[in-house]
2 protein chains.
Amino acid sequence: MSEQYRQLSPSEFFYRNREVAGFSNPTRAVYQAVRELVENALDATEMHGILPDIKLELREEGDGSLTLAIEDNGIGIPSSEVPNVFGRVFYGSKYVLRQSRGVFGLGVKMVVLYAQMTTGRPVKVRTATARSKFVYEYEVMIDVEKNIPVIKSLKISRNDSKWHGTRVELSMRGNWVQAKKRVEEYVRRTALIAPYARISLEAPDLVLRFERSVEKLPPAPKVGRPHPKGVDIEMLRMMVERSKRSTPLVEFLVENFDGVGPVTARKFCEWAGLNPEMKLRDLKVSDLELLALKMQEFSGWRRPKASTLSPLGEELLAEGVRAVLNPEFVTAVSRAPSSYGGHPFVVEVALAYGGAIPPAERPLVLRFANRIPLLYDEGVDVSVKVVTEKIDWRTYKVEFPAPLAVVTHVCSTKVPFKGVGKEAVADVPEIESEIEAGVRECARRLRLHLSRLERLLEAKRWRVTVGKYVEDVSRALSYITNYDEEQLRSRLVELIRSRSSRGGR
Amino acid sequence: MSEQYRQLSPSEFFYRNREVAGFSNPTRAVYQAVRELVENALDATEMHGILPDIKLELREEGDGSLTLAIEDNGIGIPSSEVPNVFGRVFYGSKYVLRQSRGVFGLGVKMVVLYAQMTTGRPVKVRTATARSKFVYEYEVMIDVEKNIPVIKSLKISRNDSKWHGTRVELSMRGNWVQAKKRVEEYVRRTALIAPYARISLEAPDLVLRFERSVEKLPPAPKVGRPHPKGVDIEMLRMMVERSKRSTPLVEFLVENFDGVGPVTARKFCEWAGLNPEMKLRDLKVSDLELLALKMQEFSGWRRPKASTLSPLGEELLAEGVRAVLNPEFVTAVSRAPSSYGGHPFVVEVALAYGGAIPPAERPLVLRFANRIPLLYDEGVDVSVKVVTEKIDWRTYKVEFPAPLAVVTHVCSTKVPFKGVGKEAVADVPEIESEIEAGVRECARRLRLHLSRLERLLEAKRWRVTVGKYVEDVSRALSYITNYDEEQLRSRLVELIRSRSSRGGR
């Protein structure tokens, strides 16, 4: 009749529930490991103004294990942080308000845990920060029961080549044959959304090499403060505890929240029936509750700042689509920043048509969120809903089967993913309507293009049809008028050409 | 060019990523909270041989918050454990090898966190263990940044009524109007799978009361040891660390694993090329790796024991279906224990037909896992796949639209859920084929029933048709034979009745 109680460490929790983080089987584990490592490599470069140069290697070893190695030219990891970054769950640099590929700060630890449980071997990390005099090489494992890193070895050498970046190597069991197709798709789509990156992959039966197609990075996101609309009581409580007890409420609001000046803060306090000069020490729990509620309801806040976001921009997005899909026509739209529940977001959409895109019964939808390709759970994603249910493509002169691809990219400090798997975006109304507007804008441009194509085709058909009679007509005219037949013929041909180039009849 | 690193507490992680645990919006949060509290209440009773008596109350308060209260007659929580059980993430009693509704040991902490962030108020817990002289009433909050409980108040009173159980009450924001339908469905299905439970719910516009339809509990699951097939290197390492260094390998295997006797252990060592007398202290990392691999591959292990499981049994399942669905026909199958990757599992299936079940174009599938109703993500669940794709219902004389419901119940120490949401079971081949076998067995019984119905119907039709001629035939016979017409008629009627009761012509 009694139970045994115990505390689980975060490592042990995720070790036991690895499916939750995408490590559900030997195929998925390979895909997930590649993905986590690539995302970290990109975050370590592009977020800091460095054009990414990423090398991924995958080898099958004689004993049946896989060796996975990735190297980037990023900012590197400070030596003292390496053990924790790789060997302690819930330790990391992603816990700030800023768009990044990593969301849960869990990824690389899950890879290390999975490697450790399937081969028992440590992760090897080689890293140097910019201008570091030394290169550090660690071998790290995780003490699962205590959630602390165990350093198996450390080698320090002089950084004579002034290298900076991180190289991670580990051994795991996994099914490469089955994972290959997904990994390939993942890398291909990553190249699409990061046309400024050089990415290479060498693996059994698979060599991929994507050169940069542009030399320009989108502006990096800045770390921001939370928007007052996105607040909750717990957040307020933690903020209050970190502030001086004598701070007046108005100052507290100005200092802690995004886009709140003294004027707005006073206006809010007045509206909410709170004394702006009230000291934090006098706030009761019921005041916190009222404050949170009113902050969520107040309509006078400025929109959340989009400086925490880093959309690609229309030019880069179109370039990425062009380089990877090789279509005949491409157009891209980067919408103005918007927000839901205090979280800023930007939607970008590109349409590609023709060329190397194979015709299909429905549009090919390529989904991205914070520059992460989303490959699974398409059926429940908001973009697919918009593209297949809300848009009547005949309005835009698209007749299926058609060679049409739709690319959607949602950037936010808080992408509303449907699960930890980060594979589908929920249908938040604000995001849905932005996606729809973006798709329609692109689709209108596509219609113009298709109309032009149609006219060109029609003109060509007219030229051919009318051209058939040139011979007879010029002969007959010459007979009637006595003009030179050859001259008449060339004048007629000229006439047909000039008419048709102005767009048909 | 540098990053800020920090450690997140488990509380803060889940506070930030509450969607992961199902708290994604005010509607889902209410459903999820009810569910977590009901599951804990059931685990605290049925798992310990107590017939559950569960009272759930939900009130809308004037300030817009919801008060949620649940009381059970379970084993109670030892007073000293209360703060941690409600106020510390990753602390609990679910971290043993045994079937239980709770899986992640996260549920109630997520409810407390959500309540705290939406209303700022503590959870109230009233509890007494069996034969406790006192009743303890705590008010607890979570210090999110430190992941420790904060006791707001504690009241101790004499337990004169010899009560035992737990009552939890909390305030949260949520959308009851929208959540109502789902909560109702959840409670209804819970009553189906737990016909031995008394469950009542009082909420705005919704009063439900399910009496026990049986007084018998299925046998409670026992805590078990892991099966050798489900081992990994990390698990072995932790087990080795907990053992004496001088233990011989063979003894280590016998002591730590399910169903491994000295004979099997020696046979395995021989097959794997390992010395059975080797001391644990001499095991190298490469030996651990080999050991794990060989243990997974060895085919000579006994099947995992099913004593860690607690299937309902055919009788209870049929009773639950009868009480809740009120069908004309019901049949249930509880399959023999099976296993996948070292995890034991049992599949139970029930079919219900006719009666109060409305006819529909496809079978109504009611899914359960470890006695938890699964309401969402039906499209990706293995049971739905079997029922709609693998079974041709015409084989079993079912013509749609038909009043058919299929109930599936998967019990396992490790149900392969597709996410933390615990809403869909993955299509593990072993489980899929057990479900299929169960459905087919039930469907064959349904076919017998439908054939019998068909024959009865046919016999009735025959009786009516033939009966029409009784009058004329008896009159004609009487005319020819001079027998009494009345006697002939009654003999004929008797003949028709006796023939048709033997099943038609």
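Just so we're clear, the structure is a prediction, and the values are computed from it rather than from any experiment. (Residues numbered from 1 in each chain as written. Chains lettered and ligands numbered in written order. Predicted model: local features only at pLDDT ≥ 70, side-chain atom pairs only at ≥ 80, totals over all residues. Heavy atoms only, no water.)

Asker: Would you mind going over the overall build of chain A with me for this structure?
Answerer: When its secondary structure is counted, chain A shows 14 helices and 16 strands. On C-alpha atoms alone, chain A measures out to a radius of gyration of 30 Å, which is more than a quarter above the 23 Å that the 2.2 N^0.38 rule sets for 505 residues. Seen along its three principal axes, the alpha-carbon backbone of chain A occupies a region of about 110 × 70 × 60 Å. The proportion of buried residues among the 505 residues of chain A is 57%. For chain A, long-range pairs separated by at least 24 residues make up 73% of all intrachain contacts whose partners lie at least 6 apart in sequence. Total accessible area on chain A is roughly 22400 Å²; 50% of this is exposed by carbon and sulfur atoms. The average position of the 78 basic charges and that of the 66 acidic charges among the side chains of chain A differ by 3 Å. (Helix = DSSP H or I, 4+ residues; strand = E, 2+ residues; numbered from the N terminus. Rg over C-alpha atoms; globule rule 2.2 N^0.38 Å. Buried < 20%, exposed > 50% of the residue type's maximum accessible area, 1.4 Å probe, protein only. Contact = heavy atoms within 4.5 Å. Areas by Shrake-Rupley, 256 points an atom, 1.4 Å probe, with all protein chains shown as cover. Lys, Arg positive; Asp, Glu negative; His and termini not counted. Charge placed at Lys NZ, Arg CZ, Asp CG, Glu CD.)

Asker: What exactly am I supposed to notice about the sheet that holds strand 6 (residues 134–143) of chain B here?
Answerer: Strands belonging to one sheet form pairs held by backbone hydrogen bonds; the direction of such a pair is parallel or antiparallel. All names here are of chain B. Read from one edge to the other, the open sheet built from eight strands follows the order 7-6-5-8-3-2-9-10, with strand pairing classed as mixed. Of all the strands in the sheet, the pair left with one neighbour each is strand 7 (148–158) and strand 10 (206–210). Between one strand axis and the next, the sheet turns through 10° on average, direction left out of account. Pairing analysis gives five bridges linking strand 9 (residues 198–203) to strand 10, with the strands arranged antiparallel. (Pairing = 2+ DSSP bridges. Axes fitted to C-alpha atoms, helices over the stretch in contact; angles between N-to-C directions.)

Asker: What should I look at first to understand the confidence of the model for chain A in this one?
Answerer: As a general rule, the predicted coordinates of low-pLDDT regions are not to be interpreted in detail. Per-residue confidence for chain A averages 90 on the pLDDT scale, and 97% of its residues sit at or above 70. Interface confidence in the predicted complex, given as ipTM, is 0.79; pTM for the same model is 0.81. (pLDDT = per-residue confidence, 0-100.)

Asker: Help me understand the interface of chain A and chain B, please; the structure alone is not making it clear to me.
Answerer: Many analyses report the size of an interface as the accessible area lost when the parts associate. Contacts between the two partners involve 59 residues from chain A and, on the opposite side, 59 residues from chain B. Across the interface of chain A and chain B, roughly 5400 Å² is buried in total on both sides, 56% from carbon and sulfur atoms. Taking the shortest distance from any N to any O, the salt bridge between B:Glu289 and A:Arg121 comes out at 2.6 Å. Connecting chain A to chain B are 20 residue pairs in polar contact (both at pLDDT 80 or more). Contributing elements (two or more residues each) for the side of chain A that touches chain B: strand 1 (6–7), helix 1 (10–16), strand 4 (91–92), helix 4 (107–119), helix 6 (233–242) and helix 9 (285–297) of chain A. When residues of the side of chain A that touches chain B are assigned to their parent elements, the largest contribution, six residues, is made by helix 6 of chain A. Class assignment of the residues belonging to the side of chain A that touches chain B gives a composition of 29 nonpolar, twelve polar and 18 charged. Two strands pair when backbone bridges link them, and strand 4 of chain A and strand 1 (residues 6–7) of chain B are joined in this way by two bridges, in the antiparallel orientation. (Buried area = accessible area lost by both parts, 1.4 Å probe. Salt bridge = Lys/Arg side-chain N within 4 Å of Asp/Glu carboxyl O. Polar contact = N/O pair within 3.5 Å; in protein donor to acceptor, adjacent residues only side chain to side chain. Nonpolar A, V, L, I, M, F, W, Y, C, P; charged D, E, K, R; others polar.)

Asker: How should I be thinking about the environment of A:Leu97 in this particular structure?
Answerer: Residue and element names in this part refer to chain A. Within the fold, Leu-97 resides in the loop between strand 4 and helix 4. According to the relative accessible area criterion, Leu-97 is partly exposed, its value standing at 31%. Sequence separation between Leu-97 and Thr-413 is 316 residues, and the spatial gap between their C-alpha atoms is 6.3 Å. Beyond its immediate chain neighbours, meaning those up to four positions away, Leu-97 contacts Lys-222, Val-223, Gly-224, Arg-225, Pro-226, Thr-308 and Thr-413.

Asker: Any chance you could explain the domain arrangement of chain A here in plain terms?
Answerer: Here chain A is partitioned into domain 1 (10–210), domain 2 (228–297), domain 3 (314–447) and domain 4 (450–501). Between the C-alpha centres of domain 1 of chain A and domain 4 of chain A the distance comes to 66 Å. (Domains from an automatic or database assignment.)

Asker: How should the pattern of salt bridges be read in this particular structure?
Answerer: Note on pairing: side chains with opposite charge can pair once their charged atoms come close. All names here are of chain A. If you walk through the whole model with that rule in mind, you get 84 salt bridges over all chains. A salt bridge links Arg-189 to Glu-185; the nearest nitrogen and oxygen atoms lie 2.7 Å apart. Here Glu-185 and Arg-189 lie together in helix 5 (residues 176–193), a separation of four residues that amounts to about one turn. You can call Arg-189 buried: its relative accessible area is 13%. On the accessibility criterion, Glu-185 (29% relative accessible area) is partly exposed. By sharing partners, the salt bridges in this structure join Lys-385, Lys-390, Asp-427, Glu-432, Glu-436 and Arg-440 into a single network.

Asker: How do you make sense of a nonpolar patch on the surface when you look at a structure like this?
Answerer: Residue and element names in this part refer to chain A. Judged by side-chain polarity, Phe-134, Ile-151, Leu-154 and Ile-156 come together as a nonpolar surface patch covering roughly 360 Å² of accessible area. Tallying contributions element by element places strand 7 (residues 148–158) first for the nonpolar patch, with three residues. Examined against the element boundaries, Leu-154 turns out to sit in strand 7. (Patch = residues over 30% accessible without salt bridge, like charges linked within 9 Å, V, L, I, M, F, W, Y side chains within 5 Å.)

Asker: I keep staring at the sheet that holds strand 7 of chain A and nothing clicks. Help me out?
Answerer: Residues and elements named next belong to chain A. If you trace the eight strands from one edge of the open sheet to the other, you get 7-6-5-8-3-2-9-10, paired in mixed fashion. Either end of the sheet is taken by a strand with one partner, and the two such strands are strand 7 and strand 10 (206–210). With direction set aside, neighbouring strand axes in the sheet form an average angle of 10°. This element, helix 5, spans strand 2 (53–60), strand 3 (66–72), strand 9 (198–203) and strand 10 of the sheet and lies at about 5° to strand 10.

Asker: Got a minute to help me understand the packing of helix 6 (residues 233–242) of chain B against helix 9 (residues 285–297) of chain B in this structure?
Answerer: For any two helices packed against each other, the geometry is given by the interaxial angle and the distance between the axes. All names here are of chain B. Interaxial distance between helix 6 and helix 9 falls to 9 Å at its minimum, and their mutual angle equals 115°. Our pair here, helix 6 against helix 9, has a crossing hand that is right-handed. Along its contact with helix 6, which presents Ile-233, Leu-236, Arg-237 and Val-240, the element helix 9 presents Leu-288, Glu-289, Leu-291, Ala-292 and Met-295. Its residues assigned to classes, the contact of helix 6 with helix 9 comprises seven nonpolar, no polar and two charged. (Left-handed = near helix turned anticlockwise from the far one by under 90°.)

Asker: Sorry, what's going on with the packing of aromatic side chains here?
Answerer: For any pair of aromatic rings, the description consists of the separation of the ring centres together with the inter-plane angle of the planes. Across all of its chains, the model carries 31 aromatic pairs over all chains by this definition. Look at B:Trp271 and B:Phe298: their rings are 5.2 Å apart centre to centre, the planes differ by 50°, and that puts the pair in the tilted class. With B:Trp271 in helix 8 (residues 262–272) and B:Phe298 in the loop between helix 9 and helix 10 (314–325), this pair connects stretches of sequence that are 27 residues apart. Overall, the relative accessible area of 43% leaves B:Trp271 in the partly exposed class. Overall, the relative accessible area of 7% leaves B:Phe298 in the buried class. Clustering of aromatic rings is evident, with ring pairs tying together A:Phe13, A:Phe14, A:Phe90, B:Phe13, B:Phe14 and B:Phe90. Stacked on the ring of B:Trp271, the Lys or Arg B:Lys294 has its end atom at 5.2 Å from the ring centre. (Phe/Tyr/Trp six-rings, centres within 6.5 Å; stacked < 30°, edge-to-face > 60°. Lys NZ or Arg CZ within 6 Å of the ring centre and 35° of its normal.)

Asker: Hey, could you run me through the relation of the copies chain A and chain B in this one?
Answerer: Two chain copies, one operation linking them: a rotation about an axis together with a shift along it. When chain A is fitted to chain B, the residual RMSD is 0.2 Å, and the transformation amounts to a turn of 180° plus an axial shift of 0.0 Å. Both copies of the chain, as the preceding transformation shows, are related through a two-fold rotation axis. When C-alpha positions in chain A are compared against the rotation axis, the closest is assigned to A:Pro10, at 3.4 Å. Interface residue correspondence from chain A to chain B reaches 100%, placing this contact among same-surface, isologous pairings. (Least-squares fit on C-alpha atoms with pLDDT ≥ 70 in both.)

Asker: What exactly am I supposed to notice about the side chain of A:Glu39 here?
Answerer: Residues and elements named next belong to chain A. Checked against the element boundaries, Glu-39 lands in helix 2 (residues 26–45). By relative accessible area, which is 2% here, Glu-39 ends up buried. Ignoring anything within four residues of it in the chain, the contact list for Glu-39 reads Arg-101, Tyr-186, Ile-372 and Lys-422.

Asker: Teacher, can you tell me more about the packing of helix 5 (residues 176–193) of chain B against helix 10 of chain B here?
Answerer: Residues and elements named next belong to chain B. Relative to each other, helix 5 and helix 10 sit at 145°, their axes nearing to 7 Å. Across the interface between the two elements, Arg-188, Ala-191, Leu-192 and Ile-193 of helix 5 pack against Leu-317, Gly-320, Val-321, Val-324 and Leu-325 of helix 10. When grouped by side-chain class, the residues that make up the contact of helix 5 with helix 10 number seven nonpolar, one polar and one charged.

Asker: What should I look at first to understand the layout of surface pockets in this one?
Answerer: Where empty space is left becomes clear once a probe the size of a water molecule has been rolled over the atoms. Approximately 350 Å³ is the volume found for the second largest pocket. As for the second largest pocket, its lining consists of 20 residues, and the residues nearest its centre are A:Lys152, B:Arg237, B:Met238, B:Glu241 and B:Leu288. Of all the secondary structure elements, the ones that give two or more residues to the lining of the second largest pocket are strand 6 (134–143) and strand 7 of chain A together with helix 6 and helix 9 of chain B. It is helix 6 of chain B that provides the largest number of residues to the lining of the second largest pocket, a total of five residues. Across the lining of the second largest pocket, the residue classes break down as ten nonpolar, one polar and nine charged. (1 Å grid on protein atoms, 1.4 Å probe; cavity = no way out; pocket = protein on both sides within 12 Å on 5 of 7 lines; lining within 4 Å. Points joined across faces, edges and corners; volume = space filled by probe spheres on them.)

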